[in-house]
Amino acid sequence: TQRGLARIVAELLTNKADTVLVPVQPLPVAIGLVTGNNQSGTVAAALSLPLTVQNKAADSIGVSGIYARFVITTGGGTLAVDSALTDATGTAGVTWTLGTTAGAQQVEVSTARLPSVTVSFDATGTPGPASPATSLVTVSSSSVTAGGTATITLQAKDGYGNSLTSGGSTVVFS
């Protein structure tokens, strides 16, 4: 489980020899989340932080040259790439653009070197700005007599049909 260079000497029966240095790196034993977990962002938009993991060996040092596979498991959206090679520190990351449905979304990460180990990134998609095309207006009565009243209700929705539950925007009916 030691890291570094191993010197290998090959000697022929004729006493001719050659030496080569071979890099030695332990295999990963764990995957850990580094950045990007528990973010919130607008649906159909890229999250502000990349999803970054680190593969570590038994000595708790990162393992380079290992592919991390990223898979969206809930909520949809797109990843910049579906797998990334760990760098010299053992980290790999991708950018995640959330799906169009507001609510819980998730990406799972694994590596072929640790087939039974996965880690997950969670995110929450929030609705985008109100869209007149998808918002709903209802009236309590189909007709109102002079001096009468009616209730007008607006259910604001974003361009993907997600209901806006907060806002504070002024609404004008004409």
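From a predicted model like this one, the values you see are computed outputs, not experimental measurements.

Asks: Even after reading the chapter, I still don't get the overall build of the protein, so can you show me in this structure?
Replies: Broken down by element type, the protein carries zero helices and 14 strands. The helix and strand sequence of the protein, counted from the amino end, reads β-β-β-β-β-β-β-β-β-β-β-β-β-β. Scaling as 2.2 N^0.38, a compact globule of 174 residues should have a C-alpha radius of gyration of about 16 Å, whereas the protein reaches 27 Å, well beyond that. Considering only C-alpha atoms, the protein reaches an extent of 115 × 25 × 25 Å along its principal axes. Per-residue burial for the protein yields a buried fraction of 26% across its 174 residues. Summarising the internal contacts of the protein: among those between residues at least 6 apart in sequence, 52% fall at separations of at least 24. About 10800 Å² of surface is accessible on the protein, with carbon and sulfur atoms providing 55% of the total.

Asks: Got a minute to help me understand unusual backbone geometry in this structure?
Replies: Negative phi is the rule for most residues except glycine; trans is the rule for most peptide bonds. The backbone phi angle of Asn-15 is positive, close to 70°, even though this residue is not glycine. The residue Asn-15 is located in the loop between β1 (4-11) and β2 (17-24) in this model. Unlike most non-glycine residues, Ala-44 shows phi in positive territory, near 65°. Assignment of secondary structure puts Ala-44 in the loop between β4 (39-42) and β5 (51-56).

Asks: Would you mind showing me how to read the sheet that holds strand β3 (residues 30-35) here?
Replies: Two modes of strand pairing occur in sheets, parallel and antiparallel, and in both the strands are linked by backbone hydrogen bonds. Taken together, three strands build an open sheet; the order of strands is β3-β5-β9 and the sheet is antiparallel. Among the strands making up the open sheet, the edge pair consists of β3 and β9 (91-94). Ignoring which end each strand starts from, the neighbouring axes of this sheet average 30° apart. Pairing of β3 with β5 involves five bridges; the strand directions are antiparallel. The partner of Ala-30 across the bridge, within β5, is Lys-56.

Asks: It is not clear to me how the nonpolar core should be interpreted in this structure. Could you clarify?
Replies: Most often, soluble globular proteins keep nonpolar side chains buried together rather than apart. Residues Leu-51, Val-53, Phe-70, Trp-96, Val-107 and Val-109 are the most contacted members of the largest nonpolar core, which totals 18 residues. Breaking this core down by element, the ones donating at least two residues are β5, β6 (67-74), β9, β10 (96-98), β11 (103-111) and β12 (114-126). With near-sequence residues (within four places) excluded, Val-53 lies in contact with Ile-31, Gly-32, Leu-33, Val-34, Ala-68, Phe-70, Gly-90, Thr-91, Ala-92, Val-109, Val-119 and Phe-121.

Asks: Just checking my understanding: could you explain a nonpolar patch on the surface for this structure?
Replies: Together, Val-137, Val-139, Ile-152, Leu-154 and Val-171 line one region of the surface with nonpolar side chains, adding up to about 400 Å² of accessible area. For the nonpolar patch, the elements supplying multiple residues, two or more each, are β13 (136-139) and β14 (152-155). Locating Val-139 in the fold gives a position in strand β13.

Asks: Is there a simple way to explain the pairing of β6 in this structure?
Replies: Every other side chain in a regular strand lies on the same face of the sheet, so the side chains alternate between the two faces. In terms of strand pairing, β6 meets strand β8 (residues 83-85) through three bridges, oriented antiparallel. Bridge pairing in β8 links Arg-69 to Ser-83. The pairing of β6 with β11 spans five bridges and is antiparallel. Bridging from a neighbouring strand, Phe-70 pairs with Val-109 of β11.

About the criteria used
- Residues numbered from 1 in each chain as written.
- Predicted model: local features only at pLDDT ≥ 70, side-chain atom pairs only at ≥ 80, totals over all residues.
- Heavy atoms only, no water.
- Helix = DSSP H or I, 4+ residues; strand = E, 2+ residues; numbered from the N terminus.
- Rg over C-alpha atoms; globule rule 2.2 N^0.38 Å.
- Buried < 20%, exposed > 50% of the residue type's maximum accessible area, 1.4 Å probe, protein only.
- Contact = heavy atoms within 4.5 Å.
- Areas by Shrake-Rupley, 256 points an atom, 1.4 Å probe, with all protein chains shown as cover.
- Pairing = 2+ DSSP bridges.
- Axes fitted to C-alpha atoms, helices over the stretch in contact; angles between N-to-C directions.
- Core = buried A, V, L, I, M, F, W, Y, C linked by side-chain atoms within 4.5 Å.
- Patch = residues over 30% accessible without salt bridge, like charges linked within 9 Å, V, L, I, M, F, W, Y side chains within 5 Å.
- Salt bridge = Lys/Arg side-chain N within 4 Å of Asp/Glu carboxyl O.

What is shown is where atoms sit, not what they do.
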